[in-house]
Each structure stands twice: as C-alpha cells, then as structure tokens.
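Residue-level structure breakdown
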Amino acid sequence: MPFIELATQGESKNAIVNTDHISFVTEGVYGPCMHFISGEHIVCVAELDELTALLGSKPLTGHQPNETFMLSDQELPS
C-alpha cells in the first residue's frame, strides 16, 4: 500500500494518505480537495501543481502491510 504525507487545512495539520484510495482531486474554494473512495475528503494546503508532483513521486511504503508505516526503523519493535 503506497502512502504519502501531506499538509492539510483544519484541525489536523498533516495527513498520511493511502494513494490507492484516492478517487479524484478537485480545485476548490479553499484549495485542492482530495476525495476518497469512501466518500470522505480533505483539503490540502499545497497548490494543485504541487499536489500533482507529490502524487507522481515515489510514495512511502509500509514495513509490513497495514501496520507501523509511520514509524522509523529505529522505532520498530524487534
């Protein structure tokens, strides 16, 4: 599962997103809005061209499926 980290508007300043679940991205009044298959969405701080570059870059991949993808190698349990 590929993940990217991006800055968002609102209470949560950053989000880690599974790019497999992105349905589409629109340019909204408050900035680019990333819509997910689940129906949820987040508003991003980046401009649409910056977001396009980020989505086209190599995403983070988890150490193990569905767990500990946010931890560095030093923080992983032995």
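Keep in mind it's a predicted model, so treat the numbers as computed, not measured.

Strand pairing in a sheet relies on backbone hydrogen bonds. The paired strands run either parallel or antiparallel. Across the sheet, 3 strands lie side by side as 3-4-5; this open sheet has antiparallel pairing. Each of the sheet's edge strands pairs with one partner strand only, and the pair in question is strand 3 (22-28) and strand 5 (41-43). Taking each pair of neighbouring strands and ignoring which way they run, the sheet shows an average axis angle of 20°. One ladder, built from 6 bridges, connects strand 3 with strand 4 (residues 31-36); its direction is antiparallel. In the sheet register, E27 faces strand 4, and the bridge partner there is P32. Together, strand 3 and strand 4 form the strand contacts of helix 1 (residues 48-56), whose direction differs from that of strand 3 by roughly 160°.

Turning to the nonpolar core, a few remarks are in order. With 9 residues, the main nonpolar core is built from I4, L6, A15, V17, I22, M34, F36, C44 and L51. Breaking this core down by element, the ones donating at least two residues are strand 1 (2-7), strand 2 (14-18) and strand 4. Residue contacts for F36: discarding those within four places in its chain leaves V17, H21, I22, S23, H41 and I42.

Turning our eyes to something else, we now look at a negative patch on the surface. A cluster of like negative charges, contributed by E27, E47, D49 and E50, occupies part of the molecular surface. Given a relative accessible area of 48%, E27 falls into the partly exposed group.

Once that is clear, we can look at the pairing of strand 1. For strand 1 and strand 2, the ladder comprises 5 bridges, and the chain directions are antiparallel. Counterpart to A7 in the pairing with strand 2 is N14.

Looking now at the side chain of H35. Along the chain, H35 turns up in strand 4. Among the polar contacts made by the side chain of H35, one reaches the side chain of T26 at a distance of 3.3 Å. When sequence neighbours within four positions are dropped, the list of residues in contact with H35 reads H21, I22, S23, F24, T26, E40 and H41.

The rules behind these values
Residues numbered from 1 in each chain as written. Predicted model: local features only at pLDDT ≥ 70, side-chain atom pairs only at ≥ 80, totals over all residues. Heavy atoms only, no water. Pairing = 2+ DSSP bridges. Helix = DSSP H or I, 4+ residues; strand = E, 2+ residues; numbered from the N terminus. Axes fitted to C-alpha atoms, helices over the stretch in contact; angles between N-to-C directions. Contact = heavy atoms within 4.5 Å. Core = buried A, V, L, I, M, F, W, Y, C linked by side-chain atoms within 4.5 Å. Buried < 20%, exposed > 50% of the residue type's maximum accessible area, 1.4 Å probe, protein only. Patch = residues over 30% accessible without salt bridge, like charges linked within 9 Å, V, L, I, M, F, W, Y side chains within 5 Å. Areas by Shrake-Rupley, 256 points an atom, 1.4 Å probe, with all protein chains shown as cover. Salt bridge = Lys/Arg side-chain N within 4 Å of Asp/Glu carboxyl O. Lys, Arg positive; Asp, Glu negative; His and termini not counted. Charge placed at Lys NZ, Arg CZ, Asp CG, Glu CD. Polar contact = N/O pair within 3.5 Å; in protein donor to acceptor, adjacent residues only side chain to side chain.

Fair warning: the whole summary comes from geometry, so function is off the table for now.
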